[in-house]
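As a plain string of letters, each chain reads:
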Amino acid sequence: MLSSAILWTHAAAGAIWVGACACFVIAGLALSAGSDEQRNFVANAAPKIDSLGLVAAVVLIVTGFINLMTAGAARRFVFSTAFMTVLAIKIALFIVMIVVMMWSMRVGAVIKAVVARGRNDAVPGAMRRMVRAHIAIVAMGGLALILGTWLMGS
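Residues numbered from 1 in each chain as written. Predicted model: local features only at pLDDT ≥ 70, side-chain atom pairs only at ≥ 80, totals over all residues. Heavy atoms only, no water.

**Section: the pattern of salt bridges**
Piece 1. Here the structure, examined in full by the defined rule, presents 2 salt bridges.
Piece 2. Ionic pairing is found between Arg-39 and Asp-36, a salt bridge with its closest N-O pair at 2.9 Å. In this pair, Arg-39 and Asp-36 both sit in helix α2 (residues 36–74), 3 residues apart, roughly one turn of the helix.
Piece 3. Salt-bridge contacts for Asp-121 lead to Arg-119; the nearest nitrogen and oxygen are separated by 3.0 Å.
Piece 4. Note on Arg-119: relative accessible area 45%, which makes it partly exposed. (Salt bridge = Lys/Arg side-chain N within 4 Å of Asp/Glu carboxyl O. Helix = DSSP H or I, 4+ residues; strand = E, 2+ residues; numbered from the N terminus. Buried < 20%, exposed > 50% of the residue type's maximum accessible area, 1.4 Å probe, protein only.)

**Regarding the environment of Met-152**
Piece 1. Residue placement: Met-152 occurs in helix α4 (residues 123–153).
Piece 2. Taking the C-alpha atoms as reference points, Met-152 and Arg-119, separated by 33 residues in sequence, lie 49 Å from one another.

**Here we look at the packing of helix α1 (residues 2–30) against α4**
Piece 1. As a packed pair, α1 and α4 sit with axes 8 Å apart at the nearest point and diverge in direction by 155 degrees. Classified by the angle their axes make, α1 and α4 are roughly antiparallel. Every pair of crossing elements has a handedness; the one defined by α1 and α4 is left-handed. Taken together, the residues of α4 that come into contact with α1 (itself represented by Leu-7, Ala-11, Gly-14, Ala-15, Trp-17, Val-18, Cys-21, Ala-22, Phe-24, Val-25, Gly-28 and Leu-29) are Met-127, Met-130, Val-131, His-134, Ile-135, Ile-137, Val-138, Gly-141, Gly-142, Leu-145 and Met-152.
Piece 2. Here the residues of the contact of α1 with α4 are counted per class, giving 18 nonpolar, 5 polar and no charged. (Axes fitted to C-alpha atoms, helices over the stretch in contact; angles between N-to-C directions. Parallel < 35°, antiparallel > 145°, perpendicular 65-115°, else oblique. Left-handed = near helix turned anticlockwise from the far one by under 90°. Contact = heavy atoms within 4.5 Å. Nonpolar A, V, L, I, M, F, W, Y, C, P; charged D, E, K, R; others polar.)

So yeah, pure geometry; function would need other evidence.
Put into structure tokens, the structure is as follows:
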């Protein structure tokens, strides 16, 4: 029962992270470049969405490790080559997703400071870069969720 709850928590955390990034993308694309709404989104909402994503990423890594230990104990830590390959791809995706998220959050922090000084002309360019980063996270996260489904069945 506990292992099933941890597995579902892992899947939910992945879905929350990808979903938060997808919401970021949708909002980012819906806002007019250079508008007050875009400036307010970058300064106020974007950091909150990214914080939700990071919390989900932490839960994802913790539950992923627990799931791996549970699966390992059940198999006496003898995994197929295919399992290890898929796991390695998922870990690589996770690392790249975290790097991209942290880069986007740094861009957001810089632009928030720039906006605080009254310089709004930098917002559209920063928003474009942040939206592209979140699109990449959504794509990689979707692939990781699909690979996770395969791992569950193996």
